[in-house]
Amino acid sequence: MEAITIDVVSDVVCPWCYLGKKRLDQAIEAVKEDLAVAVTFRPYQLNPDMPADGVDHKKHLAEKLGGEEAVTRAHEMLAGLGREAGIDFDFPAVKISPNTLDAHRLLRWAMIEGPEVQHRAAVALFKAYFEDGRNVGDRAVLLDIAEACGMDRAVVTALFSAGADVDSVKEEIGMARDMGVTGVPCFIIDNKYAVMGAQSVDVLANAFREIAALKAQERVGKN
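What this report covers is the structure whose coordinates are included nearby. (Residues numbered from 1 in each chain as written. Predicted model: local features only at pLDDT ≥ 70, side-chain atom pairs only at ≥ 80, totals over all residues. Heavy atoms only, no water.)

### Things to note about the layout of surface pockets
At step 1: Computed from the structure, the largest pocket encloses a volume of approximately 420 Å³.
At step 2: Every residue lining the largest pocket is counted, 25 residues in all, and those nearest its centre are Val13, Cys14, Pro15, Leu61 and Lys64.
At step 3: For the lining of the largest pocket, the per-class residue count stands at 15 nonpolar, 8 polar and 2 charged.
At step 4: Quantified by volume, the second largest pocket comes out at close to 320 Å³.
At step 5: What lines the second largest pocket is a set of 15 residues, among which Lys58, Val71, His75, Phe91 and Pro92 lie closest to the centre.
At step 6: When contributions to the lining of the second largest pocket are tallied by element, the ones reaching two or more residues are α2 (57-65) and α3 (68-85). (1 Å grid on protein atoms, 1.4 Å probe; cavity = no way out; pocket = protein on both sides within 12 Å on 5 of 7 lines; lining within 4 Å. Points joined across faces, edges and corners; volume = space filled by probe spheres on them. Nonpolar A, V, L, I, M, F, W, Y, C, P; charged D, E, K, R; others polar. Helix = DSSP H or I, 4+ residues; strand = E, 2+ residues; numbered from the N terminus.)

### Things to note about the packing of α2 against α3
At step 1: Close contact between α2 and α3 brings their axes to 8 Å; oriented N to C, the two are set at 95 degrees. Between α2 and α3, the angle is such that the two are roughly perpendicular. The residues of α3 that touch α2, namely those facing Lys58, Leu61, Ala62 and Leu65, are Glu68, Ala70, Val71, Ala74 and His75.
At step 2: A class-by-class count of the residues in the contact of α2 with α3 yields 6 nonpolar, 1 polar and 2 charged. (Axes fitted to C-alpha atoms, helices over the stretch in contact; angles between N-to-C directions. Parallel < 35°, antiparallel > 145°, perpendicular 65-115°, else oblique. Contact = heavy atoms within 4.5 Å.)

### Looking at the pairing of strand β6 (residues 193-196)
At step 1: Bridge count between strand β5 (residues 186-189) and β6: 4 bridges; the pairing is antiparallel. In the strand pairing of β6, Cys186 is matched with Met196.
At step 2: Where β5 folds back on β6, the antiparallel hairpin that results is connected by 3 residues, among which Asp190 adopts a positive phi of roughly 55 degrees. (Pairing = 2+ DSSP bridges.)

### Some thoughts on the nonpolar core
Most often, soluble globular proteins have nonpolar side chains that are buried together.
At step 1: By size, the foremost hydrophobic cluster in this structure holds 63 residues, and its most contacted members are Ile6, Leu106 and Phe208.
At step 2: For Phe208, the contacting residues outside a window of four places in its chain are Ile4, Ile6, Leu24, Ala27, Ile28, Val31, Leu35 and Ile189. (Core = buried A, V, L, I, M, F, W, Y, C linked by side-chain atoms within 4.5 Å. Buried < 20%, exposed > 50% of the residue type's maximum accessible area, 1.4 Å probe, protein only.)

### What about the side chain of Glu2?
At step 1: If you trace the backbone, Glu2 turns up in strand β1 (residues 2-10).
At step 2: Assessed through its relative accessible area of 16%, Glu2 is described here as buried.
At step 3: Within polar-contact distance, the side chain of Glu2 engages the side chain of Arg219 at 2.9 Å.
At step 4: Apart from residues no more than four positions distant in its own chain, Glu2 is found in contact with Asp34, Leu35, Ala36, Ala212, Lys215, Ala216 and Arg219. (Polar contact = N/O pair within 3.5 Å; in protein donor to acceptor, adjacent residues only side chain to side chain.)

### What about the packing of helix α6 (residues 139-148) against helix α7 (residues 153-161)?
At step 1: Two elements in contact, α6 and α7, have axes separated by 9 Å at closest approach and are oriented at 145 degrees. The chirality of how α6 crosses α7 is right-handed. In contact with Arg139, Ala140, Leu142, Leu143, Asp144, Ala146 and Glu147 of α6, α7 contributes Arg153, Val156, Thr157, Phe160 and Ser161.
At step 2: When grouped by side-chain class, the residues that make up the contact of α6 with α7 number 6 nonpolar, 2 polar and 4 charged. (Left-handed = near helix turned anticlockwise from the far one by under 90°.)

Below is the structure:
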């Protein structure tokens, strides 16, 4: 069975990233008979200068998208796409646009414990923010998520307090920008190929198959 790796560059407060993650899961399910897929979530911040306590979400979005009507239209479209993918977006419940640095630190520590733990944490962060309206910039919320995902609450508390991996996460975000990632989600396959945006399940699945076929051809060519 051919194997590929996927690095998902995303931000936990990006609705397109949540949509892209759901579609990725469905694409992996579609190719699982032929491909082994290993997924790692990588950090990105759409708003790296966001204050530590965050800002009013409704006001922030209106300024960013050009008014409340534009926000409403965007949310209606995303809600429909979310339903198709199995996401119950509750945009009115979201009150704060947070700084996501701590959330990305948590995802980094989750990956150290294993891909399954990181996957659970990523799902939990997206769901907490977009479906439950929780502030994923609040360390108490992050600690609850960590514990629910099987991580040691006391250890995560100590890591936060010590400022662990702040620079490492920022450096990784900088590397993504240096690679040309200007929007998320971005799926980097085998460290060679990039698929930008929340593409359809078919587009993702076909990309995975094509890249796996290229790998097989390259291997035959070397023999």
